[in-house]
Amino acid sequence: MPNLSFTDNMMLGSLISAVDPVAVLVVLKTLSVDEQLKVILFGESVVNDAAAVVINRVFVGISDNPRSAKEAFGLATPDIIGIAVGSSLIGTVCAFFFARIFKVSNLRKVPEIEIGVFLLAAFIPYAIADICHLSGIMSVLFAGIMTDYYTYHHLSKHARHTTKQIISVLANLAESFVFVYLGMAFFLEKHHDFRPGYCFLTLVCHYFNHVQFNTIQINK
């Protein structure tokens, strides 16, 4: 878009480059593809989402003053790397810490407390990263990966089944809320400079990006 600065274009590009992990899972479940392929596609789409959010936040932060491409890259690159590394470390350390707690404690004797602590442990990495002005999404992502490898195996059989169902319900509710909220915001919010052509171009770019991403991953 000729009337947008480099920083504005980077904000737009980071938004339309993110794909919907839930939609990817639904399609793969419908096609009954191999479980390993499903995990790879889901993992890469989630990482892509987290990276897109980080990049978008950084360029939003430096968008107050118009800058050239060289100046914007110079300011954004160290921030993006620092946020990614810091958020990943927070999620990993928190996951190892709670894995140790579940391993040495007797929480499995009280399923209610065990499940409550597990759900609280999932929120803490996000809270810590948010307080440190890092990416809570990326922190939770790496905490979830480590939890699946370590913490999950220290839970009781009852807690494993219950937490899996609870998290599945919460994930579907959150996904539904996001779509409902976005749909309502389109009509409730006041748009001071609404451009139908620009919105249509964004949707087209996002669609082709989504199709290209899935095609490349399936070919892999």
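Residues numbered from 1 in each chain as written. Predicted model: local features only at pLDDT ≥ 70, side-chain atom pairs only at ≥ 80, totals over all residues. Heavy atoms only, no water.

Asker: Go over the UniProt feature "transmembrane region" (unreviewed entry) in the chain with me, naming the residues and quoting the values.
Answerer: UniProt marks residues 80-101, 113-146 and 166-188 with the feature "transmembrane region" (unreviewed entry), using the numbering shown here. Span residues 80-101 is 100% helix and 0% strand, its end C-alpha atoms 32 Å apart. Helix makes up 88% of residues 113-146 and strand makes up 0%, while its end C-alpha atoms are separated by 21 Å. (UniProt positions renumbered as here; feature names shortened; annotations may be inferred. Helix = DSSP H or I, 4+ residues; strand = E, 2+ residues; numbered from the N terminus.)

Asker: How would you explain the nonpolar core if you had to name every residue and give the values?
Answerer: Phe 59, Ala 76, Ile 83, Ile 90 and Leu 134 are the most contacted members of the largest nonpolar core, which has 13 residues in total. Taken together, the elements giving at least two residues each to this core come down to α3 (35-61) and α4 (69-104). In contact with Leu 134, other than residues within four places in its own chain, are Arg 57, Ile 83, Gly 86, Ser 87, Ile 90 and Ala 129. With eight residues, the next largest nonpolar core counts Phe 98, Ile 115, Ala 121 and Ala 159 among its residues. (Core = buried A, V, L, I, M, F, W, Y, C linked by side-chain atoms within 4.5 Å. Buried < 20%, exposed > 50% of the residue type's maximum accessible area, 1.4 Å probe, protein only. Contact = heavy atoms within 4.5 Å.)

Asker: Lay out helix α7 (residues 157-188) with the relevant residues and their values.
Answerer: End to end, α7 covers 46 Å across 32 residues, agreeing with the expected 46 Å (1.5 Å per residue, within 8%). Those residues of α7 lying buried are Ala 159, Thr 162, Thr 163, Glu 175 and Ala 185. (Expected span 1.5 Å × (residues − 1).)

Asker: So what's going on with the packing of helix α5 (residues 111-131) against helix α6 (residues 136-149)? Which residues, and what values?
Answerer: For any two helices packed against each other, the geometry comes down to the angle between their axes and how far apart the axes lie. Two elements in contact, α5 and α6, have axes whose closest approach is 7 Å; the angle formed by their N-to-C orientations is 145°. For the pair α5 and α6, the sense of crossing is right-handed. Contacts between α5 and α6 pair Phe 118, Ala 122, Pro 125, Tyr 126 and Ala 129 from the former with Gly 136, Ile 137, Ser 139, Val 140, Ala 143 and Thr 147 from the latter. (Axes fitted to C-alpha atoms, helices over the stretch in contact; angles between N-to-C directions. Left-handed = near helix turned anticlockwise from the far one by under 90°.)

Asker: I'd like a description of the environment of Val 39, backed by residues and values.
Answerer: Note that Val 39 resides in helix α3. Since its relative accessible area comes to 53%, Val 39 is described here as exposed. Separated by 11 residues in sequence, Val 39 and Leu 28 place their C-alpha atoms 10.0 Å apart.

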